[in-house]
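# Residue-level structure breakdown
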Amino acid sequence: MKRVLEIHHLVVRFGTRTVLKDVSFAVHEGEIVSLIGPNGAGKTTLFNVISGLVQASSGDVIFMGRPITGWAPHRVCRAGIARTFQIARPFPEMTAEENVLIAMWFGKPSSRPPLAAVNTEEAGAWLQLVGLKEKRHTLGKELTLSEQRRLEVARALATRPSLLLLDEIAAGLSPYAVNQAAQLVLSLRERGMTIVLVDHFLNLTARVSDRLVALDQGEKIVEGSPQDVLHHPEVLSAYLGERETAGEA
Ligand SMILES: Nc1ncnc2c1ncn2[C@@H]1O[C@H](COP(=O)(O)OP(=O)(O)OP(=O)(O)O)[C@@H](O)[C@H]1O
């Protein structure tokens, strides 16, 4: 199976603090892989390194076989990696449709048509996919939290990525909206999209993921099927905060 993303021995330091310690894993085409771990484990930092917002101290990010370590965010996006953010930030004074049109335009630098000529039908299709077609004329600032999150996904998809990074799409949502988010991820999987997901809702990640990669305090502690990882003693211990200290009786 083709490797879309490879993380090799990634280390990130902020000053004297090492927040990612020799992390390695790979994501294959069509897979959904979730990064899990308690607060401060390093999940968002890992997303930030992949998407070019944080520089790695050492190690490599390989995308579709070529190193992209240290690339600027716009270059990473145009290479085919799109991400959503924990805090959705649509353009507030633009409609949902205009938000998607901008993303479509941004994602096509080589054959960029004038903005006015970008295809509203295609924008409608992305909005339909995330369940927002009927909100296409609603301003970004008037959408609910759940709708803004879905608009983020539509904007990310509109850049036509080969890899989608979804950061906390279910945080702060009602159980109904969490379920909608899970359905959306599953529908993207059916379309063959390769996805890396960070989410605190373990029953969402377990339900939609092929594999989980568990981090704790910047280290990868285990990876494997959701069933295996969620029952792994080190994962249970990390979530319960019951780490044993070496040397203790
Ligand atoms: N710019 C920064 N400067 C210094 N320390 C940082 C910076 N960004 C993150 N950290 C620290 O790095 C560690 C990992 O943070 P990160 O946000 O990646 O964890 P996380 O697993 O995403 O946590 P959460 O689930 O709470 O979002 C934390 O201890 C955090 O305080």
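Bear in mind the structure is a predicted one, so any value in this text is a computation, not a measurement. (Residues numbered from 1 in each chain as written. Predicted model: local features only at pLDDT ≥ 70, side-chain atom pairs only at ≥ 80, totals over all residues. Heavy atoms only, no water.)

## Observations concerning the site of the ligand
Put simply, the rule reads: The cutoff for a nearby residue is simple: one of its non-hydrogen atoms must lie within 4 Å of the molecule or strand. Identification of polar contacts relies on pairs of N or O atoms within 3.5 Å, with a donor-acceptor requirement for protein atoms, meaning one able to donate a hydrogen and the other able to accept it, and with residues adjacent in sequence counted only if both atoms are side-chain atoms. The Shrake-Rupley method, run with a 1.4 Å probe sphere, supplies the accessible areas, and residue values consider only the shown protein chains as cover. A helix here means a DSSP run of H or I that spans at least four residues, while a strand means a run of E at least two residues long, and both kinds are numbered starting from the N terminus. Under the convention adopted here, Pro, Cys and the residues Ala, Val, Leu, Ile, Met, Phe, Trp and Tyr are nonpolar, Asp, Glu, Lys and Arg are charged, and Gly plus all remaining residues are polar.
Surrounding the ligand, one finds Phe14, Arg17, Val19, Pro38, Asn39, Gly40, Ala41, Gly42, Lys43, Thr44, Thr45 and His200. With respect to the ligand, the side chain of Arg17 contributes an N or O atom lying 2.6 Å from an oxygen atom. Between the ligand and the protein, one listed contact pairs an oxygen atom with a side-chain N or O atom of Asn39 at 3.1 Å. Relative to its unbound accessible surface of 640 Å², the ligand loses 63% to contact with the protein. Elements represented by at least two residues in the shell around the ligand include exactly strand E2 (17-28) and helix H1 (43-50). Ranked by residues supplied to the shell around the ligand, first place goes to H1 with 3 residues. Broken down by class, the residue content of the shell around the ligand amounts to 4 nonpolar, 6 polar and 2 charged.

## Description of unusual backbone geometry
Using the following cut-off: Relative accessibility thresholds used throughout: buried, under 20% of the residue-type maximum; exposed, over 50%; partly exposed, between the two (1.4 Å probe, protein chains only).
Unusually for a residue other than glycine, His9 sits at a positive phi of about 45°. Looking at the secondary structure, you find His9 in strand E1 (residues 3-14). With a relative accessible area of 49%, His9 lands in the partly exposed category. For Arg160, which is not glycine, the phi dihedral falls at a positive 55°. Tracing the sequence through the fold places Arg160 in the loop between helix H5 (145-158) and strand E7 (163-167).

## Some points on the confidence of the model for the chain
Short version of the rule: Residue-level confidence of the predictor is summarised by pLDDT, bounded by 0 at the bottom and 100 at the top. The contact criterion used throughout is that any non-hydrogen atoms of two residues lie within 4.5 Å.
Scored by pLDDT, the chain comes out at a mean of 89, with 92% of its residues at no less than 70. Confidence drops under pLDDT 50 across residues 244-249; counting only partners more than four residues distant or on other chains, this segment forms 0 contacts.

## Overview of the side chain of Thr159
Looking at the secondary structure, you find Thr159 in the loop between H5 and E7. The exposure class of Thr159 is buried, given its relative accessible area of 12%. Polar contacts involving the side chain of Thr159 include one to the main-chain carbonyl oxygen of Ala156, which spans 2.8 Å.

## With respect to the pattern of salt bridges
How we decide: Any carboxyl oxygen of Asp or Glu that lies within 4 Å of a side-chain nitrogen of Lys or Arg is treated as forming a salt bridge with it.
Taken as a whole and assessed by the stated rule, the structure comprises 10 salt bridges. A salt bridge links Glu122 to Arg160, with the shortest nitrogen-to-oxygen separation between them at 3.4 Å. Pair noted here: Glu122 is in helix H4 (residues 120-129) and Arg160 is in the loop between H5 and E7, with a separation of 38 residues, a long-range link. Between Arg155 and Glu152 there is a salt bridge, with the nearest N and O atoms lying 3.0 Å from each other. Taken together, the residues span about one helical turn, with Arg155 and Glu152 both in helix H5 at a distance of 3 residues. When salt bridges that share partners are traced, they join Glu31, Arg211, Lys220 and Glu223 into one network.

## Some words on the packing of aromatic side chains
This is how the line gets drawn: Centres within 6.5 Å are what make two rings of Phe, Tyr or Trp a pair, Trp counting through its six-membered ring; a difference in plane orientation under 30 degrees is then read as stacked, over 60 as edge-to-face, and the rest as tilted. In this analysis the charged atom, NZ for Lys or CZ for Arg, is taken to sit over a ring once it is within 6 Å of the ring centre and within 35 degrees of the ring normal.
Within this structure, the stated rule accounts for 0 aromatic pairs. Between the NZ or CZ atom of Arg75 and the centre of the ring of Trp71, over which it lies, the distance is 3.6 Å. One Lys or Arg, Arg83, reaches over the ring of Phe85 and ends 4.2 Å from the middle of that ring.

## Here we look at the sheet that holds E7
Our working definition: Strand pairing follows a simple DSSP-based rule, namely that at least 2 bridges must link the two strands. Here the axes come from fitting lines to C-alpha atoms, over the contacting stretch only for helices, and the angles between their N-to-C directions go from 0 to 180 degrees.
As summarised here, the arrangement of the 6 strands in space is E6-E7-E8-E3-E9-E10, forming an open sheet in which the pairing is mixed. Strands with a single pairing partner mark the edges of an open sheet, and in this sheet they are strand E6 (81-83) and strand E10 (219-224). Averaged over all pairs of adjacent strands, the angle between strand axes in this sheet comes to 20°, irrespective of strand direction. Across 3 bridges, E6 lies against E7 in parallel orientation. Note on E7: the bridge partner recorded for Ile81 is Leu163. Sitting on the sheet, H1 touches strand E3 (32-36), E6, E7, strand E8 (194-198) and strand E9 (211-216), and the angle it makes with E7 is about 145°.

## Things to note about the pairing of strand E4 (residues 58-63)
Direction of pairing for E1 relative to E4: antiparallel, over a ladder of 5 bridges. The residue of E4 that forms the bridge with Leu5 is Phe63. Where E4 and strand E5 (residues 66-67) come together, 2 bridges link them in antiparallel fashion. Residue Ile62 lies in a different strand from E5, and its bridge partner there is Pro67. The antiparallel pairing of E4 with E5 creates a hairpin that spans 2 residues between the two strands, and Met64 there sits at a positive phi of about 50°.

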